[in-house]
Amino acid sequence: MDILLTSTIPTQKNLMKTILWLNSSILAFTITLLGKQVGIIFLSIPFIFSFISIFHILFSLTDGRAKSFGTIPLENIKKIPQNKNERIQALYDMNTCIDIAFKNNSLIIKKRANKIGLATKYTIVSVTSIFFAIVFYVNIYLMKGG
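**Q** I tried to follow the pattern of salt bridges on my own but got confused; where do I start?
**A** For side chains bearing opposite charge, pairing can occur when the charged atoms are close. Overall, the coordinates contain one salt bridge when judged by the stated rule. When the shortest N-O distance is used, the salt bridge between Asp99 and Lys103 registers 3.4 Å. On the criterion of helical spacing, the pair formed by Asp99 and Lys103 is a turn pair, its members being four residues apart in helix α4 (residues 86-142). With relative accessibility at 53%, the residue Lys103 sits in the exposed group.

**Q** Explain the environment of Ile3 to me, please; I cannot follow it from the model alone.
**A** Counting through the fold element by element, Ile3 comes out in helix α1 (residues 2-34). Relative accessible area serves as the criterion here: at 62%, Ile3 is assigned to the exposed category. Sequence separation between Ile3 and Ser60 is 57 residues; the distance between their C-alpha atoms is 20 Å.

**Q** Where do I start with the packing of aromatic side chains in this structure?
**A** Describing an aromatic ring pair means giving the distance of the ring centres and the angle of the ring planes. This structure, assessed with the given rule, holds three aromatic pairs. Pairing Phe49 with Tyr122 gives two aromatic rings, centres 5.7 Å apart and planes at 25°, and the pair type is stacked. Here Phe49 is found in helix α2 (residues 40-63), whereas its partner Tyr122 is found in helix α4, with 73 residues between them in sequence. Judged by its relative accessible area of 24%, Phe49 is partly exposed. Residue class for Tyr122 comes out partly exposed when judged on its relative accessible area of 24%.

**Q** What's the story with the nonpolar core in this structure? I'm lost.
**A** Looking at soluble globular proteins, one finds that nonpolar side chains tend to be buried together. In this structure, Met16, Ile19, Leu20, Leu27, Ile54, Ile57, Ile116 and Ala119 together form the largest nonpolar core, which totals eight residues. Looking at this core, the elements that each hand over two or more residues are α1, α2 and α4. Among the elements that make up this core, the one with the highest residue count is α1 (four residues). Discounting residues that sit within four places of it in the chain, Ile116 has contacts with Gln12, Leu15, Met16, Ile19 and Ile57.

**Q** How should I be thinking about a nonpolar patch on the surface in this particular structure?
**A** A cluster of nonpolar side chains, Ile31, Phe47, Ile48 and Phe51, forms an exposed patch at the surface whose accessible area comes to about 390 Å². Of all the elements, α2 adds the most residues to the nonpolar patch, at three residues. Of note, Phe47 is situated in helix α2.

**Q** In this structure, what is going on with α1? I would like to understand it.
**A** In an α-helix, one turn spans 3.6 residues; hence positions three or four apart end up facing the same way. The end-to-end C-alpha distance of α1, which contains 33 residues, comes to 48 Å, matching closely the 48 Å that a straight helix rising 1.5 Å per residue would cover. In α1, a bend of some 25° at Thr8 exceeds every other bend along the element, and Pro10, a proline, comes one to four places later. Where α1 is concerned, the buried positions are Leu4, Leu5, Ile9, Gln12, Met16, Ile19, Leu20, Asn23, Ile26, Leu27, Thr30 and Leu33.

Criteria and thresholds
- Residues numbered from 1 in each chain as written.
- Predicted model: local features only at pLDDT ≥ 70, side-chain atom pairs only at ≥ 80, totals over all residues.
- Heavy atoms only, no water.
- Salt bridge = Lys/Arg side-chain N within 4 Å of Asp/Glu carboxyl O.
- Helix = DSSP H or I, 4+ residues; strand = E, 2+ residues; numbered from the N terminus.
- Buried < 20%, exposed > 50% of the residue type's maximum accessible area, 1.4 Å probe, protein only.
- Phe/Tyr/Trp six-rings, centres within 6.5 Å; stacked < 30°, edge-to-face > 60°.
- Core = buried A, V, L, I, M, F, W, Y, C linked by side-chain atoms within 4.5 Å.
- Contact = heavy atoms within 4.5 Å.
- Patch = residues over 30% accessible without salt bridge, like charges linked within 9 Å, V, L, I, M, F, W, Y side chains within 5 Å.
- Areas by Shrake-Rupley, 256 points an atom, 1.4 Å probe, with all protein chains shown as cover.
- Expected span 1.5 Å × (residues − 1).
- Bend = angle between axes of the 7 residues up to and from the residue.

As structure tokens, this is what we get:
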């Protein structure tokens, strides 16, 4: 539980911030080039894929808003009968709550990982299309007659 809550989930958030930053830069780059009269066809592919990537990352942020910490509800603590097995019952209830929290947090991490993976693929396609667009633009428009 501790590794999930203090290491894995924050690492995913940092990765999401990096992907958002990179795709925001790509969007700004494409919008800037639109003002310089570079063809819209060259810029539409990276713009669309970066926008889709940002969309996936924003949805992955909403998936992990509620985390489970494995705490026993106060009502369950009050319902434990006062007898010789009360400690065993309390330990059983604690283990059950921690198991449920572990499964919930693992599910959040898996959902986020899938969306981060998709966003990363779209970012790679966007960067690659920028590279090919630049190569195409240089070969066709800047090297006339070459």
